[in-house]
Amino acid sequence: MNHASTDPARLIRRLERERKARQEAERLLEDKSRELFAKHMELEALSQSLEKLVAKRTIEMQQARDEALYALQVKTDFIANMSHELRTPLNGVLGVMALLSEQSLNEQQSELVAVAEASGKHLLGVINDILDFSKIEANKITLEFAALNIRPYVKTLCAPFELQAKQKGIAFEVHVDDRIPDFLMVDSLRLTQIISNLLSNALKFTDKGSVSLSFNAFEDVYRISVSDTGIGISEANLESIFAAFEQADTSITREFGGTGLGMSITKQLVSMFGGKINVTSELGKGSCFYVDLSLQTADEIELYTDTVDPSVDNPVDTLRILLVEDNTINQMVATKLLEGWGCNVSLAENGQLALDHLSKDTFDIVLMDLQMPVMGGIQATEFIRTGKGGVLSENMDVPIIAMTAHSSQAHIDECEQVGMNGHISKPIDKALLHQKIKSLIGNMSAAEQSSQHETPINNSVPEIKGVDVESGLARVNHDLELYLSLLQRFCKDNGDFYTRYEVCVEQDNKKSASMALHLIKGSAANVGIEKVSKLAAELETELQTKQSWPTLNKAERLQQLIEEVKHHLALVDNNKDKAEKAPLRSVSDEQILNYLQDIKMQLNQDFLNAEAGLQELLTCKLSAPMQGILENVQQAMARFDTLAAANDIEQALELLG
Amino acid sequence: MKGIVFTEFVSMVESQFGEDMFDDILDAVQPKSEGAYTAVGTYDHQELVDMVVELSKLCDTPVPALVHAFGLHMGKVFSEKFTSFFIEAGSTIKFLEAIDNHIHVEVRKLYPDAELPVFSFEHVESPTEHFALHYQSTRGFADLALGLIESTSAYFGETFNIDREDWVEGDIHHAIFRLTSA
């Protein structure tokens, strides 16, 4: 290898070459940079225009989504309104039919009325199905759990189906397993829907053999099975059985009728309970539908707003009742009913007219519809309770029963909050209304009834720190003894709240915790402990909306508040026992026999008389089994199930021997 | 042709034959670029051909041998400047397979006007199993290709027997290199 020469000429040439090469490299670099910059700007512009495009599309999509949601809301509201519009006159028809059926009619007339009633009820069923289906689709149904006495509930539920089965000449069996506890936390309305749907289908598709309902328990999973020896379902159809609008096939619809919604609604309700529904079937042999649900047992029984003591017989007649209702048919039906009981009825078409009445006359009870023009029920009640609108002071505390078409918890809470004393759902159950009216005036003796017309000044209202005694008292018609015992009861029932709550936390059992809080929320409000109710509500909401358990602070505070109430309650001098019930009358067996025979006779002649007779009988001292049977009679009559009532009366007669 | 070939040529000539040799080549060839090559530039490939021919005269070595030696040199430069391609490939065969599909594609992204030879390949079963690499170019630098192949296999520490077949079709120079593992 040669060493580099030191020849200056060569060196200079190399230098020149280097410089030239470097300059060219620089030029190339500049070109490339410029190119890069241009590309960069292009890219930026493209990116920005893309972003604008994305934003535009997003807004378009949001608008489209909002429009779709709005359309859905419109549709849902439309269906709800239409259902209401359809049901109102239909209830009018049914109400009138019920009244008509109690007149003396010849056989043909009776039959015609029965047909009209059946058609009307069927139509009502279809409308209710449609509304339910639509509400479930729009996720507007929430379950409301309450303690349910299982065995009587099942009995009541099955009664009409037993009747139907008898008429069809098929056997009907009911079995409730011994392991099932007495009380379970259930949304009875929805559970009834589920079981009724299954039973009615079983009966519909069975002509011979039997239909049976079983209620079994495996740990905390409850299985309700309905099996029949009917026509069965083919394998192909089994798959589509739970789909909406599809019955097994169109020939079934033609032959057996139905909207095709029932099964779908049932399935969705079962899902809402967190359960499962399944079916096994063999064509020509029969089917078995079974529903598996996880249910909680109920250790506590909710306090009710209206304290009922049905054994006290207080006359409902001569009561002055203000009926506030805008629908003319409902007015007519209710008026006839109330006048039939001997009450004096005044009518007001809206809240404002009600106030006018209440500023001129005194009344014993107000039946208040909620939705009316000019002024609705809630506002009217507010005015009454605060003495506005010229309402006479004697009327400020008048018992007010809300007549609601919607019985959601929110509505009921609202009614309680404005100071209503009770509520009854439309269409109005006669026996229930009778009972509620009696119970509201039933706590007072005749003397107190007359003193109700004077301004209620109660000097001995004790002060209990942390408790709104006035508000609590108002709910029990100022029966101080009763109120205090309710307060005591509340403190006793909830004294161990925190311990129970801790157990729930340990077991990660949000359901139980929620329910406990729900119960406290309701009962605390009823006895006038707003703070406790509010805190329980807050904690309940937190539990339901958050993923993880909230901190124990609120629960501790809740326990603290309850204990404070307990403490302050104890300070009040309350040596008296609970208000004594009016003594039961002693009657001879012969007298009971007479009553029973009388009731039996009246069942098919004058239903209301039969009811009245039963109520009277229930004011007597009765043996426990007799009491039980008569309570079944009462429930049967509440459903207008004269056959079941008659059967039970027979049982009672047999008991007497 | 890309400047890097020229700058590497200059570098090889200067290190093997001394800097004066390059001056002499320039004096004889008188290239338009005046020999001021930068790696990022682009120059007429004929200049390279002329310089190689002149070098061959001046150092009395046949052209193919020089080109081959240059190929070995270039291969080493590539493995240092563009190590990622080698690491990605992991073996000689995989690397040779990647030249057309991957490496030259990347080159064209940066230098859209690069004139590059085509390297198609085939895994042949019969009569004997081997890897065949087919070089096609308007430039007749098959010897360079051979040098690159050999340098690559040296990088991966692999040895091959290489059979070679050349022919010209029109203005395309063809060469097939058949590699069998040694």
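Our structure is the block above this text.
Since we're looking at a predicted model, the values are computed, not measured.

Attention now moves to the overall build of chain B. Counting its regular elements, chain B contains seven helices and four strands. Taken from the N to the C terminus, the helices and strands of chain B come in the order α-α-α-α-α-α-β-β-α-β-β. The burial tally for chain B puts 47% of its 182 residues in the buried class. Long-range pairs, those at least 24 residues apart, make up 57% of the contacts in chain B between residues at least 6 apart in sequence.

The next thing to look at is the overall build of chain A. A tally of helices and strands in chain A yields 23 helices and 13 strands. Burial statistics for chain A: of 657 residues in total, 42% are counted as buried. Partitioning the intrachain contacts of chain A with sequence separation of at least 6 by distance along the chain shows that 70% fall at a separation of at least 24. Roughly 35700 Å² of accessible area belongs to chain A as shown, and the carbon and sulfur atoms make up 53% of that amount.

A few words on the interface of chain B and chain A. Contacts between chain B and chain A engage 22 residues on the former and 14 residues on the latter. Carbon and sulfur atoms supply 44% of the area buried between chain B and chain A, which totals about 1400 Å² over both sides. Contact with chain A buries area across many residues of chain B, yet D20, D23 and A36 of chain B alone supply 32% of it, more than any other trio. With a closest N to O distance of 3.9 Å, D20 of chain B and R10 of chain A form a salt bridge. Summed over the shared surface of chain B and chain A, the result is 11 residue pairs in polar contact (both at pLDDT 80 or more). The dominant element in the side of chain B that touches chain A, judged by the number of residues it contributes, is helix α2 (residues 19-29) of chain B, at seven residues.

Residues and elements named next belong to chain B. Scanning the model with the defined rule gives 15 aromatic pairs over all chains in all. With 5.0 Å between their ring centres and 80° between their planes, Y37 and Y43 make a pair best called edge-to-face. The same class applies to Y37 as to Y43, namely buried. Grouping aromatic residues by their ring pairs yields a cluster made of F86, F95, Y155 and F156.

Residues and elements named next belong to chain A. Read from one edge to the other, the open sheet built from three strands follows the order β1-β3-β8, with strand pairing classed as antiparallel. A strand with exactly one partner marks an edge of an open sheet, and here the two such strands are β1 (146-149) and β8 (296-297). Pairing between β1 and strand β3 (residues 183-186): four bridges, direction antiparallel. Within β3, the position partnered with L148 by the bridge is L184. On the sheet, helix α3 (residues 150-168) packs against β1 and β3 and is oriented at approximately 70° with respect to β1.

If you walk through the whole model with that rule in mind, you get 37 salt bridges over all chains. In this structure, D496 of chain A and R500 of chain A form a salt bridge, with 3.0 Å as the shortest nitrogen-oxygen distance. Within this structure, R10, R14 and R17 of chain A together with E19, D20, D23 and D24 of chain B form a network of salt bridges that share partners.

Let us look at the layout of surface pockets. All names here are of chain B. Its volume calculated, the second largest pocket comes out at about 1300 Å³. Lining of the second largest pocket is provided by 46 residues; of these, V5, F78, H104, V107 and L116 occupy positions nearest its centre. Of all the secondary structure elements, the ones that give two or more residues to the lining of the second largest pocket are α1 (3-17), α4 (63-81), α5 (83-89), α6 (92-110), β1 (118-124), β2 (130-137) and α7 (142-155). Tallying contributions element by element places α6 first for the lining of the second largest pocket, with nine residues. Residues of the lining of the second largest pocket, tallied by class, amount to 30 nonpolar, nine polar and seven charged.

The subject of this paragraph is the side chain of S91 of chain B. Summarising the element assignment, S91 of chain B is placed in the loop between α5 and α6. Those residues in contact with S91 of chain B that lie beyond four places of it in its chain are F156 and E158 of chain B.

Turning next to helix α3 (residues 45-59) of chain B. Spacing of three or four residues puts side chains on the same side of an α-helix, whose turn is 3.6 residues. Residues and elements named next belong to chain B. If you check α3, its first and last C-alpha atoms are 21 Å apart, about what 15 residues at 1.5 Å a residue would give, namely 21 Å. For α3, the full list of buried residues reads H45, E47, L48, M51, V52, E54, L55, S56 and C59. Residues of α3 that are buried in the fold lie against α1, α2 and α4. If you check the start of α3, you find a side-chain oxygen 3.1 Å away from the backbone N of Q46, and it comes from D44.

All names here are of chain A. As paired strands, strand β6 (residues 276-282) and strand β7 (residues 286-294) are joined by seven bridges and run antiparallel to one another. Pairing of V279 across the sheet is with F289, part of β7. Counting the residues between successive antiparallel strands, the hairpin from β6 to β7 contains three residues, one of them, G284, with a positive phi of roughly 85°.

This next bit is on the sheet that holds strand β4 (residues 172-181) of chain B. Sheet strands pair by backbone hydrogen bonding; their relative direction is either parallel or antiparallel. Residues and elements named next belong to chain B. Taken in spatial order, the four strands make up an open sheet running β1-β2-β4-β3, and their pairing is antiparallel. Taken across any chain shown, the strands that pair with only one partner, and hence form the sheet edges, are β1 and β3 (160-169). Mean inter-strand twist for the sheet, computed between neighbouring axes without regard to direction, equals 20°. Where β3 and β4 come together, 10 bridges link them in antiparallel fashion. Bridging from a neighbouring strand, W167 pairs with H174 of β4. Strands β1, β2, β3 and β4 of the sheet are contacted by α6, whose axis makes an angle of about 140° with β1.

What counts and what doesn't
- Residues numbered from 1 in each chain as written.
- Chains lettered and ligands numbered in written order.
- Predicted model: local features only at pLDDT ≥ 70, side-chain atom pairs only at ≥ 80, totals over all residues.
- Heavy atoms only, no water.
- Helix = DSSP H or I, 4+ residues; strand = E, 2+ residues; numbered from the N terminus.
- Buried < 20%, exposed > 50% of the residue type's maximum accessible area, 1.4 Å probe, protein only.
- Contact = heavy atoms within 4.5 Å.
- Areas by Shrake-Rupley, 256 points an atom, 1.4 Å probe, with all protein chains shown as cover.
- Buried area = accessible area lost by both parts, 1.4 Å probe.
- Salt bridge = Lys/Arg side-chain N within 4 Å of Asp/Glu carboxyl O.
- Polar contact = N/O pair within 3.5 Å; in protein donor to acceptor, adjacent residues only side chain to side chain.
- Phe/Tyr/Trp six-rings, centres within 6.5 Å; stacked < 30°, edge-to-face > 60°.
- Pairing = 2+ DSSP bridges.
- Axes fitted to C-alpha atoms, helices over the stretch in contact; angles between N-to-C directions.
- 1 Å grid on protein atoms, 1.4 Å probe; cavity = no way out; pocket = protein on both sides within 12 Å on 5 of 7 lines; lining within 4 Å.
- Points joined across faces, edges and corners; volume = space filled by probe spheres on them.
- Nonpolar A, V, L, I, M, F, W, Y, C, P; charged D, E, K, R; others polar.
- Expected span 1.5 Å × (residues − 1).

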